[in-house]
Amino acid sequence: MLEWVIYFLAYLCAGFTLKLGDDLLDQMEQPVFAWLPLAASGILFGYLMTQTEWDLVLLAAIVIGVLLSGKVNRPQFAVGFFFIALIMLVRGVPAVTNWFDWSALLTMLLLASVLDERGNDWADEEISTRAFKFFKYRFALKLSVLLLTIPWPQFLAAALGLWMFDLGYELAGWIIRRRQ
């Protein structure tokens, strides 16, 4: 039971620290203070990516999606990537049991991740409030992970982890907005 609490808490904190670091860079214009939360986020990402092949595929899709969409635009993000690589080198990469399934899942998650990133930039509240809210809260990926547990039930823990990650992400954003 305790390992599940730690697992989901790691997802929650990964989202929280990522958003905190991002907001320190963009919203609060305090880049010096962004290094620590982005390092913590990288450590948590690395830890989670070494848990199971399902966590690895989910978080790899998020990382690749963010990279492809051009959201990694400040040097402070490099500390997170450094720690992801370091943790994965130290702990090892989980074994992938079926490369075809894993690759298909990665592709679907990557498409949903990129769609969320691009949709967030594209959606206009004036034109469509539904589309705006759907992409603002990144529901393409959140709904995709739940649907993908149908063909891959072993993916359920990672799918729920994404929802915890997003809860932490939104919580950090809410705290920053309230503080300003």
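Here the structure is shown first, and the text comes after it.
Below or above, wherever it landed, is the structure these notes cover. Keep in mind that this is a model prediction, so the values were computed, not measured.

## Some thoughts on the side chain of K142
Here comes step 1: Turning to its location among the elements, K142 is positioned in helix α7 (residues 139-147).
Here comes step 2: K142 has contacts with Y137, L162, W163 and D166, leaving out every residue within four places of it along the chain.

## Looking at the pattern of salt bridges
Here comes step 1: The final tally for this structure, using the stated rule, is three salt bridges.
Here comes step 2: One salt bridge connects K19 with D23, and the closest N-O pair in it is separated by 3.2 Å. Here K19 and its partner D23 are both found in helix α1 (residues 2-26), four residues apart, which amounts to about one turn of the helix. A single burial state applies to K19 and to D23, both of which are buried.
Here comes step 3: A salt bridge links D26 to R74, with the nearest nitrogen and oxygen atoms 3.2 Å apart. Taken together, the residues D26 in helix α1 and R74 in the loop between α3 (53-68) and α4 (77-91) connect sequence positions 48 residues apart.
Here comes step 4: Accessibility expressed as a relative area gives 28% for R74, which makes it partly exposed.

## Here's the deal with the packing of aromatic side chains
Ring pairs (aromatic) are described by centroid distance and by the angle formed between their planes.
Here comes step 1: Under the definition given, this model contains 13 aromatic pairs.
Here comes step 2: Ring geometry for Y7 and Y11: centres 5.3 Å apart, planes at 75 degrees, overall edge-to-face. With a gap of four residues between them, Y7 and Y11 both fall in helix α1, about one helical turn apart. One exposure class covers both Y7 and Y11, and it is buried.

## Focus: the side chain of Q76
Here comes step 1: Along the chain, the position of Q76 falls in the loop between α3 and α4.
Here comes step 2: Overall, the relative accessible area of 7% leaves Q76 in the buried class.
Here comes step 3: Apart from residues lying up to four places away in sequence, Q76 is in contact with L25, P31, A34, W35 and L38.

The rules behind these values
- Residues numbered from 1 in each chain as written.
- Predicted model: local features only at pLDDT ≥ 70, side-chain atom pairs only at ≥ 80, totals over all residues.
- Heavy atoms only, no water.
- Helix = DSSP H or I, 4+ residues; strand = E, 2+ residues; numbered from the N terminus.
- Contact = heavy atoms within 4.5 Å.
- Salt bridge = Lys/Arg side-chain N within 4 Å of Asp/Glu carboxyl O.
- Buried < 20%, exposed > 50% of the residue type's maximum accessible area, 1.4 Å probe, protein only.
- Phe/Tyr/Trp six-rings, centres within 6.5 Å; stacked < 30°, edge-to-face > 60°.

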